[in-house]
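A look at the structure
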Amino acid sequence: RDKLVTGVQTCALPIFGTSSGGSPGTTTGTQLYSGSFTPLRSTSKILIQVSDVCISEESNTGDWAWIGAWRDGNLLAVNSGSALYSHFGGNYNMGHKTFNHTFNSWGTSAGTILIRAGMNQSSSYVNGQSAYADGTNPAVVGISIWEIA
């Protein structure tokens, strides 16, 4: 492990389903992750990475997909946007979102990290809505939270 990396928390979870629509928030969209993270140093950087998440609308009322991260209810960052509606010939919108952001440490106390994804204004599918008929799940989302000295 790199000597400057002081802490790493990773997971790969099968995440899929439908979610309520709305602008990015701690109660909208689909929860991808919620967990505690405690930096070892108050001067370090925290890197949050989320692999590709496919977000599509359930009805033709949303305009853009989003993925965001919060710490203790405070927004850290959001990645949002979708391909132009005209590119889909009047069909539903969708977006593939990844998340790769660095933040200053908040000290050495525990903080709850929340990661959510969704579509504005409409119910949405996050990584489809179910597993394949053979029981496999195409919707694994990789999440890493790093502390870098």
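All of the points below concern the structure found in this document. Predicted model, so just to flag it, every value in this text is computed and none were measured.

Describing the overall build of the protein chain
Along the protein chain, the regular secondary structure elements total zero helices and ten strands. Counting the 149 residues in the protein chain, one finds 41% classified as buried. Carbon together with sulfur atoms contributes 50% to the accessible area of the protein chain, which is approximately 7400 Å² in total.

Here's the deal with the sheet that holds strand 8 (residues 111-119)
Read across the open sheet, the four strands follow the order 3-8-5-6; overall the sheet is antiparallel. The outermost strands of the open sheet, each flanked by one partner alone, are strand 3 (30-37) and strand 6 (74-81). Direction aside, the axes of adjacent strands within the sheet are offset by 10° on average. In this sheet, strand 8 lies alongside strand 5 (residues 65-71) in antiparallel orientation, the contact comprising seven bridges. Bridge assignment links W70 to a residue of strand 8, and that residue is L114.

Quick word on the pairing of strand 4 (residues 45-57)
Strand direction decides the pairing type here: strand 4 and strand 7 (residues 94-104), joined by ten bridges, are antiparallel. Paired with V53 across the bridge in strand 7 is K97.

A look at the packing of aromatic side chains
Under the counting rule described, the total for this entry stands at two aromatic pairs. Measuring from ring centre to ring centre gives 6.4 Å for F37 and W106, while their planes differ by 70°; the resulting arrangement is edge-to-face. In this pair, F37 sits in strand 3 while W106 sits in the loop between strand 7 and strand 8, placing the two residues 69 residues apart along the sequence. W106 shares its class with F37; the two are buried. Where W66 meets W70, the ring centres are 6.3 Å apart and the plane angle is 80°; that geometry is what we call edge-to-face. Across the pair, exposure class does not vary: W66 and W70 are buried alike.

Description of the nonpolar core
In this structure, L32, I48, V50, V53 and I115 are the most contacted members of the largest nonpolar core, which totals 23 residues. Contributing elements (two or more residues each) for this core: strand 3, strand 4, strand 5, strand 7, strand 8 and strand 10 (140-148). The biggest single contributor to this core is strand 4, with five residues. Beyond its immediate sequence surroundings of up to four residues, V50 is in contact with L32, I67, T98, F99, I115, V141, G142 and I143.

Calculation criteria
Residues numbered from 1 in each chain as written. Predicted model: local features only at pLDDT ≥ 70, side-chain atom pairs only at ≥ 80, totals over all residues. Heavy atoms only, no water. Helix = DSSP H or I, 4+ residues; strand = E, 2+ residues; numbered from the N terminus. Buried < 20%, exposed > 50% of the residue type's maximum accessible area, 1.4 Å probe, protein only. Areas by Shrake-Rupley, 256 points an atom, 1.4 Å probe, with all protein chains shown as cover. Pairing = 2+ DSSP bridges. Axes fitted to C-alpha atoms, helices over the stretch in contact; angles between N-to-C directions. Phe/Tyr/Trp six-rings, centres within 6.5 Å; stacked < 30°, edge-to-face > 60°. Core = buried A, V, L, I, M, F, W, Y, C linked by side-chain atoms within 4.5 Å. Contact = heavy atoms within 4.5 Å.

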